[in-house]
Amino acid sequence: MTEEMRRTVDPAAEALMDKAGDSEIGTAYDRHVSQGKRCTFGEKGVCCRICEMGPCRISPKNPRGICGADAATVASRHLIRQVAAGTAAHADHGHDIVKVLLMTARGESQGYEIKSERRLHEVAKEWDIETEGRTKEAIAEELALAAMAQFNNLDGEIHYPAARAPEATVKNWRAHGLIPVGVEHEIVETLHRTHEGVDADYVNILKHGLRTSMGDGWAGAMLATDIGDILFGTPEPVRSEVNLGVLKQDHVNIVVHGHEPTLSEMVVAASRDPELLELAKSKGADGILVGGICCTANEILMRQGAPVVGNFLHQELAIATGAVDVMLVDVQCIIPAVIEHAGRFHTKVITTSKKAHIRGAEHVQFHEDKAFDIAKEIVRRAVENYPNRGPVDIPEHKNDLVAGFTVANTFTHLGGRYRSSFRPLNDAIISGRLRGVAAVIGCNTVKKTQDDSHLRMVKEFLKHDVLVIMTGCAATACAKVGLLQPESAREYAGEGLQEICEAVGIPPVLHFGSCVDNSRILVALCEMIKEGGLGEKLSDLPIAGAAPEAMCEKAIAIGFYCVTSGAFVNYAPVMRIEGSDEVVKFLTEDVEEITGGKFSFEEDPVKAAHLMMEHMERKRADLKLRPLMYDTPFLKQEEKEPAAPPPERVMVADSDDMEAFAGLPPSHHCGGKQP
Ligand code: NFS
């Protein structure tokens with residue numbers, strides 16, 4: 001089968017795609033093409049690689065593996081291993097930030113301080129930590145130790161679910177045993193349960209996946225956000241710029257790429273060091289620019305207003321500008337191919353984490369007790385590399401954006417009152433001005449046209465009076481076309497949403513930060529229930545979530561904890577589960593009985609938006625809310641949708657091994673397109 005697909009809708013990316021592709025390694029899209037058609041068993045989640053007697057390939061002809069495991073057992077085991085890996089990534093990130101707080105409280109770190117004492121006090125109170133008459137260091141030390149224990153607790157419950165979620169939701173979680181005892185315990189148990197010869201009941205396996213993912217959203221990620229806010233300051237709305245055009249020809253350009261704010265915050269500070277600025281001048285540069293790629297970009301954007309160079313699929317393209325003097329990476333979403341691209345230009349790739357070396361990169365080991373010195377050393381290497389640049393090719397494209405929204409600041413300034421309250425949001429939903437809220441999050445993937453699904457889905461929501469909250473690469477995609485500016489409400493939003501945006505002074509698309517900041521969205525939902533009028537459980541809310549261009553295991557874990565928290569989540573491309581009807585049915589139907597949330601796997605972003613809005617309508621009806629003030633009926637699933645944008649590139653995939661899989665239904669009710 002030949003699949004034609006345009007690679008990107010971003011003109012800046014388009015401008016560099018061929019230049020980056022014209023190399024031995026090519027771009028991720030080129031490598032996607034040369035990988036050809038993937039093994040259908042792997043793609044559908046029924047290639048079992050758990051034990052050494054296999055691998056076993058489950059099909060209608062061979063419905064059992066050597067051990068007797070069926071398709072549901074195989075697919076669910078592999079899936080929850082992915083959930084565990086995604087949870088581990090966010091947990092390890094959270095753990096490292098907690099460690100910096102502990103070291104800072106004890107005076108053992110370098111360059112860090114407790115920037116938000118207010119947030120420290122707020123969080124400490126939630127943890128029943130005495131604040132009266134104590135130094136911020138003493139409070140921070142106690143909080144850090146309590147937070148640290150969340151990771152390796154062996155009994156009880158992680159702290160945040162009961163502390164923050166509505167009572168009725170907590171009761172339901174407890175009834176189904178869905179609150180982790182500790183983050184690491186559930187990850188370890190996932191690996192044990194899915195080991196050869198242990199858990200073989202797909203329902204029991206998937207329920208453990210739900211529980212494990214809670215250690216991400218309601219512990220690892222939530223701690224990363226809270227402790228990050230304490231250490232680096234709570235974000236406030238901030239203006240900045242986005243896309244490859246933010247790189248500057250006459251500046252030293254440092255691109256920070258990865259996830260953890262601990263190093264990138266220091267690099268931003270070091271880039272302002274007078275001695276280094278002087279050195280840059282002596283090399284002929286007008287200044288030092290620090291821009292970000294991937295979620296680290298969102299961290300320094302939210303708190304420092306640093307420009308965003310791009311999202312996941314921009315990492316190779318940024319190097320192809322020839323203007324990146326150092327690409328500094330820590331952990332996650334860093335593709336090893338950047339090394340080959342850097343080799344064609346003067347760019348130095350510097351790895352900094354003991355967990356993430358890449359052969360061919362320079363390695364500067366990061367240590368929290370020497371953080372500022374290390375950051376300065378890295379900035380110095382960038383400055384010294386500036387004179388080595390060859391021809392530079394920076395696309396002109398960039399756009400303005402507003403970011404920095406949080407639970408505390410989004411609805412603070414309404415009606416002259418300066419206190420955080422979700423009343424305006426709840427009233428807007430109850431009165432029918434807003435249909436609901438959609439969280440659109442997650443990655444870019446070569447299986448989709450870069451940014452296209454994010455943009456089409458979000459525009460569909462705006463048109464139909466749905467307020468959109470975004471994080472991660474999804475937020476960057478929408479920022480690139482100007483959707484994160486207040487002015488975009490006039491162009492894209494329905495009347496009701498426009499009224500809200502004008503009254504509150506917010507864009508129709510709110511940037512809530514990096515992927516760990518999806519925890520801010522969970523807390524916002526809790527606040528909506530607390531505010532009253534929208535039900536008792538998180539699953540009562542007329543809200544939905546989506547990851548329309550999902551790529552990594554973290555996105556699977558996020559999807560899982562959102563569904564466990566009661567949300568309807570559209571996840572595309574479909575997870576590797578289609579080899580088992582039972583697993584698909586559990587995730588798209590049966591799980592709703594347990595958590596109130598469920599998945600859909602619709603590939604078309606506009607149709608997916610319709611499914612999500614249908615869900616909001618059902619919740620509105622259950623809550624007996626007024627009809628929408630400005631009714632803008634959306635097309636139903638079965639109605640014809642406008643065609644996708646015209647194909648420009650040819651992506652080839654053959655279907656040779658489809659026959660080997662003959663007998664399995666080609667497409668399940670999850671709407672996934674089959675190879
Ligand atoms: Ni999150 Fe995937 Fe990566 Fe961030 Fe971007 S790809 S799930 S958005 S950078 S983690």
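Here the structure is a predicted model, which means the values were calculated and not measured.

Participant: Before we move on, could you go through the overall build of the protein and cite the residues and values that matter?
Facilitator: On a plain count of helices and strands, the protein comes out with 25 helices and 18 strands. Relative to a compact globule of 675 residues, whose C-alpha radius of gyration would be 26 Å, the protein shows 24 Å and is just as compact. Taken over the C-alpha atoms alone, the protein extends approximately 70 × 60 × 50 Å along its principal axes. With 675 residues in all, the protein has 63% of them scored as buried. Sequence separation of 24 or more characterises 77% of the internal contacts of the protein that already satisfy a separation of 6 or more. With the model as given, the accessible surface of the protein reaches about 24,800 Å², and the carbon-plus-sulfur share is 49%. Here the protein carries 73 positive and 98 negative side-chain charges, and the mean point of each set is 1 Å from the other.

Participant: Just give me the short version of the site of the ligand, but keep the residues and values in it.
Facilitator: Every one of the 13 residues lining the ligand counts as a neighbour, but Cys295, Cys333, Cys443, Cys473 and Cys515 are closest to it. In the shell around the ligand, the residues fall into nine nonpolar, three polar and one charged. Both domains that meet at the shell around the ligand, namely domain 2 (244–388) and domain 3 (435–672), each give it at least three residues.

Participant: Describe the sheet that holds strand E14 (residues 509–511), naming the residues involved and giving the relevant values.
Facilitator: Spatially, the six strands line up as an open sheet ordered E14-E13-E12-E15-E16-E17, and their pairing is parallel. Two strands lie at the open edges of the sheet, namely E14 and strand E17 (598–600), each paired on one side alone. Pairwise comparison of adjacent strand axes, ignoring direction, gives a mean angle of 25° for this sheet. Here strand E13 (residues 466–470) pairs with E14 via three bridges, running parallel. Directly across from Ile469, in E14, lies its bridge partner Leu510.

Participant: A description of the coordination of the nickel atom of the ligand should follow, citing residues and the corresponding values.
Facilitator: The sole protein-derived ligand of the nickel atom of the ligand is Cys515 (SG), positioned 2.2 Å away. Classification of the site at the nickel atom of the ligand rests on its four donor atoms, whose angles at the metal span 96 to 127°, yielding the label tetrahedral. For Cys515, the location among the structural elements is in the loop between E14 and helix H22 (518–531).

Participant: So what's going on with the packing of aromatic side chains? Which residues, and what values?
Facilitator: Ring pairs (aromatic) are described by centroid distance and by the angle formed between their planes. Scanning the model with the defined rule gives six aromatic pairs in all. Their ring planes at 15° and their centres at 5.6 Å tell us that Phe599 and Phe601 sit as a pair that is stacked. Ring pairs connect the aromatic residues Phe560, Phe599 and Phe601, which therefore count as one cluster.

The rules we used
- Residues numbered from 1 in each chain as written.
- Predicted model: local features only at pLDDT ≥ 70, side-chain atom pairs only at ≥ 80, totals over all residues.
- Heavy atoms only, no water.
- Helix = DSSP H or I, 4+ residues; strand = E, 2+ residues; numbered from the N terminus.
- Rg over C-alpha atoms; globule rule 2.2 N^0.38 Å.
- Buried < 20%, exposed > 50% of the residue type's maximum accessible area, 1.4 Å probe, protein only.
- Contact = heavy atoms within 4.5 Å.
- Areas by Shrake-Rupley, 256 points an atom, 1.4 Å probe, with all protein chains shown as cover.
- Lys, Arg positive; Asp, Glu negative; His and termini not counted.
- Charge placed at Lys NZ, Arg CZ, Asp CG, Glu CD.
- Near = heavy atom within 4 Å.
- Nonpolar A, V, L, I, M, F, W, Y, C, P; charged D, E, K, R; others polar.
- Domains from an automatic or database assignment.
- Pairing = 2+ DSSP bridges.
- Axes fitted to C-alpha atoms, helices over the stretch in contact; angles between N-to-C directions.
- Donors = N, O, S within 2.8 Å, 3.2 Å for Na, K, Ca; no water.
- Tetrahedral: all angles 85-135°; square planar, octahedral: opposite > 155°, others 65-115°.
- Phe/Tyr/Trp six-rings, centres within 6.5 Å; stacked < 30°, edge-to-face > 60°.

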